[in-house]
Amino acid sequence: MRLIAGTLTDVPFSWNPVDDLSQLFTYQFMRSAYLAGTATAIVAGVVGYFVVLRGLSFAGHSLSLMGFAGATGARVAGVDPLAGLLLVDGAGALLIGALARRPRGRDVVVGIVLTGTLGLGLLFLRLSRAGEALPVLVGDVLGISATEVTIVEAAAAVIVVLVAVAFRPLLLSSVDEEVAEARGVPTRAMSLLLLLILAATTAVATPVVGVLLTFSLLVAPAATASLISGRPPLAVGLSIALGVLYTWIGLGVSYWVDMPPSVFVTGMAFVVYVGTRAAGTPALRRGAAAPRPATVSSDFVG
Amino acid sequence: MSRSHLTWNLVDDWQQLVHYEFMRHALLAGGIAAVLCGAVGCFVVLRGLSFATDTLTHVGFAGASGAVVIGLSPVAGLLCLTALMAVVLGALEQRLRGRDVVIGMILVLTLGLGLFFLRLYRGYSNEAYALLFGSILALGPRDVVVVAVGALIALAALVAIFRPLLFASLDEELAEARGVPVRAVATAYLLVLAVAVTAATQVIGALLAVALLIAPAATAQRLTTRPVAWLLLSVAIALAVTWTGLALAFWQPYPASFFITSLSTLTYLAARLVTAGGVLSRLRPVMRPAAAVEG
């Protein structure tokens, strides 16, 4: 576990790219980490685009934190963590979807479902009497097995295909719900489908990168990509590219520096986002012309 | 937790409950935090600050673990960083309206920072657990005093800004036109919220603090529409779930934070069921707004 161990290698960083890369991929665990991390970053980049577009950041954060209850609950029940994660995240998504029509950050339902589930997670942690909370929260990307890599890759492929198939109705109902409804898109179903896709994504990503980083990979690359391009396919592509880049660099740096990859990924993601905003991208200047999160319309209370 | 058993004789049970000093501390600190959170929470709900509040709790975790790394008290770090973030959120507030992704990015940074401090902070295990999930039964007299003094100051501030805050929360433009200093009031409120987050983190931990800040106020909102009644009901619910949770944790071998969050959630769900039933019985189905109130 990375939280306890020191640096992973005794070989110092040489600044010779060929030597350093071959050193990086010497060990099987680093190769597995790169494969699983890449698959996670791709699926998070795709799903994250809709998270940002629909203003689902809070729901994404909550579902990834709820994974804590899924993982600890699976430990109590003695089942595979992924089963527990899928069950708890799926149930959480359905509950949020049932209680709130468009669960935005101002919505109390998300927070209440989140804390209720986390409380349960605490109970499971106590009941299982096994291990600590932190590995679940932080993830263990450097300790995953070859089987887990296959599962993550397969699940990521399924989710990406699902989003690709439903891309147009999802996009339309996210950008303009009324127009989508008029064109016969089942917007309520799309909203629920997206929450379930989000739940599946967090369930798959959590054992790999932990509940904290799952959220970061969902929101940060997509947020930056949406600033750069208003064209949906391009923004999704950029979002994937940024997520993969952060993950690769984060994993690489953590090989030589005694810190979990999540620290580098979140730091980089934030700096790039702020830098992009400060630079003032075409999509920012064009403003309303690009499909942006239609969040303003819900601002009738505050 | 206790060698004594629940007798269902309320006097005996109460005496058992307050027999130990740690329970007296917990009931006192928990009670104070609950009153503050119940009151502050009404404006979290009214101003739509759920996600911002959740982010503040994570900021608090980063602050507390950072303070430990540089050798300060966790409460000091918690309070400093949440207050700082409150000022930042106050400055950004108008631009943050409905832009969840900006809060999300602040949260991304915060999570990374918290993890960074956690990593630096080698003897992390117990302290980090206590920060994340609360350690109310381990509060010392000094912690109780810190929570109490902070909460009393915050409550006094909330009372002082109550009227302009309510006005600004209900109709910001009208309030501004009438000369209410909307920005200043919003920032003052966010500072009060920072103190409430600190108090709640002491009681049920950073990950669960949102429960006391959102659920009682959201529950009370479903049961009444008058502002003062709403506030008082929210305080009463927060106090009831906190003390009941503590009592349950005294007799049952499970964490107090679990009972407090579960009771908060269940109260909210029950209130929703009751009010949904009420609406259904009074209105014809056609007239029922499709749950748009929350959405």
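Just so you know, these numbers come straight off a predicted model, no measurement behind them.

Considerations on the overall build of chain A
Secondary structure assignment for chain A yields 13 helices and zero strands. Looking at chain A residue by residue over its 302 residues, the buried ones come to 53%. The long-range share in chain A, meaning contacts at least 24 apart out of those at least 6 apart in sequence, stands at 76%.

Some thoughts on the overall build of chain B
Scanning chain B from terminus to terminus reveals twelve helices and zero strands. When contacts within chain B are restricted to residue pairs at least 6 apart in sequence, those whose partners lie at least 24 apart make up 74%.

Some details on the nonpolar core
Counting residues in hydrophobic clusters, the biggest one holds 198 residues, and the most contacted among them are Ala33(B) and Ala196(B). When residues of this core are assigned to their parent elements, the largest contribution, 24 residues, is made by helix α10 (residues 187–228) of chain A.

Points about the packing of helix α3 (residues 57–77) of chain A against helix α5 (residues 108–128) of chain A
All names here are of chain A. α5 packs onto α3 with a crossing angle of 20° between their chain directions and a minimal axis gap of 8 Å. As summarised for this structure, α3 and α5 are arranged roughly parallel, according to the angle between their axes. Considering the relative orientation of α3 and α5, their crossing is left-handed. Contacts between α3 and α5 involve Phe58, Ala59, Ser62, Leu65, Met66, Phe68, Ala69, Thr72, Gly73, Arg75 and Val76 on the former and, on the latter, Val110, Val113, Leu114, Thr117, Leu118, Leu120, Gly121, Phe124, Leu125, Leu127 and Ser128. Taken together, the residues of the contact of α3 with α5 sort by class into 15 nonpolar, six polar and one charged.

Section: the environment of Ala67(B)
Residues and elements named next belong to chain B. On the secondary structure map, Ala67 appears in helix α3 (residues 50–69). Given 21 C-beta atoms within 10 Å, Ala67 falls into the buried group. Once you skip the residues sitting within four places of it in the chain, Ala67 turns out to touch Leu72, Ser73, Pro74, Ala76 and Gly77.

So, the environment of Ala276(B)
Positionally, Ala276(B) belongs in helix α12 (residues 256–282). Note: C-alpha distance between Ala276(B) and Arg222(B) (54 residues apart in sequence) is 9.5 Å.

What to know about the confidence of the model for chain A
All names here are of chain A. A residue-level look at chain A finds 83% of positions with pLDDT of 70 or above and a mean pLDDT of 81. Here residues 1–5 is a poorly scored stretch, pLDDT under 50, and it has nine contacts once near neighbours within four places are set aside; other chains count. With pLDDT under 50 throughout, residues 288–302 is counted as low confidence; its partners more than four residues away or in other chains account for 29 contacts.

Description of helix α2 (residues 28–53) of chain A
Quick reminder: α-helices carry 3.6 residues per turn. Residues three or four places apart thus point the same way. Residues and elements named next belong to chain A. An ideal rise of 1.5 Å per residue puts 38 Å on 26 residues; α2 measures up with 38 Å between its terminal C-alpha atoms. The sharpest bend along α2 reaches about 30° and sits at Val47. Of all 26 residues making up α2, 20 are buried, and the element is well covered by its neighbours. Count one or two residues on from α2 and you reach Gly55, which has phi positive near 65°.

Quick look at the confidence of the model for chain B
Residues and elements named next belong to chain B. Here chain B shows a mean pLDDT of 83. Residues at 70 or above account for 88%. The least confident element of chain B is helix α6 (residues 124–133), whose mean pLDDT is 74; the most confident is helix α11 (residues 227–251), at 93. Confidence drops under pLDDT 50 across residues 280–295; counting only partners more than four residues distant or on other chains, this segment forms eleven contacts. Interface confidence in the predicted complex, given as ipTM, is 0.82; pTM for the same model is 0.84.

Quick look at the environment of Arg47(B)
All names here are of chain B. For Arg47, the location among the structural elements is in the loop between α2 (21–46) and α3. The class of Arg47 is buried, set by 23 C-beta atoms lying within 10 Å. Sequence separation between Arg47 and Ala168 is 121 residues; the distance between their C-alpha atoms is 9.3 Å.

Cut-offs applied
Residues numbered from 1 in each chain as written. Chains lettered and ligands numbered in written order. Predicted model: local features only at pLDDT ≥ 70, side-chain atom pairs only at ≥ 80, totals over all residues. Helix = DSSP H or I, 4+ residues; strand = E, 2+ residues; numbered from the N terminus. Buried ≥ 20, exposed ≤ 12 C-beta atoms within 10 Å, placed from the backbone. Contact = placed C-beta atoms within 7 Å. Core = buried A, V, L, I, M, F, W, Y, C linked by C-beta atoms within 7 Å. Axes fitted to C-alpha atoms, helices over the stretch in contact; angles between N-to-C directions. Parallel < 35°, antiparallel > 145°, perpendicular 65-115°, else oblique. Left-handed = near helix turned anticlockwise from the far one by under 90°. Nonpolar A, V, L, I, M, F, W, Y, C, P; charged D, E, K, R; others polar. pLDDT = per-residue confidence, 0-100. Expected span 1.5 Å × (residues − 1). Bend = angle between axes of the 7 residues up to and from the residue.

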